[in-house]
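Letter by letter, the chains look like this.
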Amino acid sequence: MLGDQLKEQGFCVLKDCFDSQLALDTINDIESWFSKSENVFSNLPEGRRFAIPNGLNIPFFEKSKFALNIPKVTNLLKEITNDNLKYCHHFDIHKNLSSDWHEDTQFKHIGRYSNQAAWDGNIYSEDAQNNLKIYRVAFYLEDHSDDPYGLSVKPRSHLSKGEDQELTIHTEIGDVIIFDPRIQHRGVDYEQSKLKACGKNR
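Parameters at a glance
Residues numbered from 1 in each chain as written. Predicted model: local features only at pLDDT ≥ 70, side-chain atom pairs only at ≥ 80, totals over all residues. Heavy atoms only, no water. Helix = DSSP H or I, 4+ residues; strand = E, 2+ residues; numbered from the N terminus. Buried < 20%, exposed > 50% of the residue type's maximum accessible area, 1.4 Å probe, protein only. Contact = heavy atoms within 4.5 Å. Areas by Shrake-Rupley, 256 points an atom, 1.4 Å probe, with all protein chains shown as cover. Core = buried A, V, L, I, M, F, W, Y, C linked by side-chain atoms within 4.5 Å. Expected span 1.5 Å × (residues − 1). Arc of directions from axis to C-beta. Polar contact = N/O pair within 3.5 Å; in protein donor to acceptor, adjacent residues only side chain to side chain.

S.K.: How should the overall build of the protein chain be read in this particular structure?
M.R.: Broken down by element type, the protein chain carries four helices and nine strands. What you see in the protein chain, going N to C, is helices and strands ordered as α-β-α-β-α-β-α-β-β-β-β-β-β. For the protein chain, with 202 residues in total, the buried portion stands at 49%. Long-range pairs, those at least 24 residues apart, make up 80% of the contacts in the protein chain between residues at least 6 apart in sequence. Of the roughly 10400 Å² of accessible surface on the protein chain, 47% is carried by carbon and sulfur atoms.

This is the structure we're talking about:
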């Protein structure tokens, strides 16, 4: 099951979650947005210039909110969060995103502000493995089935720091990757746009 793969490997791929026309419409909106120089972060490195923080909450991208209500995605997230799905933050839209290997664990500092004495901020602890149900969701708008420009991950690296095997995930238009934010992952420069959403069990 995909839920088991997500828990054991740190990621899973949902195929054919939305149609190519929705993808094309979103790409056109993204290209239109970045055609205005004031929307480009020209002071940042090449792989970071084309970012739209919290993009889904910008009225211009109202049509892209389809990403929040895709049955294949929400059904799986409800299953693994015991029907306690909530969206957290990010909702970013990216084009040509690149990065080195990293994990997205801003929440590892939550213990400093929490009354939960059992939470020690160790993202690999037994407590984290049993109770952390925070996920990244990436919606792919272009085809990467035959190129190396999709998301790359180190499977099982969300469980320990010693996992170094690298895997490039080959996606097609309409595919969705759900991944544990503790997993080591990276992006490279490519002509791709991506939406991100996040579900959290609170």
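That covers the picture; the talk isn't over yet.
S.K.: How do you make sense of the nonpolar core when you look at a structure like this?
M.R.: In summary, soluble globular proteins display a tendency toward joint burial of nonpolar side chains. Counting residues in each nonpolar core, the largest one holds 31 residues, and the members touching the most others are Leu14, Phe18, Val73, Phe139, Val176 and Ile178. Of all the elements in the fold, those that place two or more residues in this core are strand 1 (11-14), helix 2 (20-34), helix 3 (71-80), strand 4 (134-140) and strand 7 (176-179). Broken down by element, this core gets its largest block of residues, five residues, from helix 2. Formed by nine residues, the second largest nonpolar core is a distinct cluster that contains Phe11, Ile177, Phe179 and Ile183.

S.K.: Could you clarify how one ought to interpret helix 2 in this entry?
M.R.: End to end, helix 2 covers 21 Å across 15 residues, agreeing with the expected 21 Å (1.5 Å per residue, within 8%). Every buried residue of helix 2 is listed here: Ala23, Thr26, Ile27, Asp29, Ile30, Trp33 and Phe34. In an axial view of helix 2, the angular spread of the buried residues amounts to 160°, which keeps them on one side of the axis. Between the side-chain oxygen of the N-cap and the backbone nitrogen of glutamine 21 there are 3.1 Å, and the N-cap of helix 2 in question is aspartate 19.

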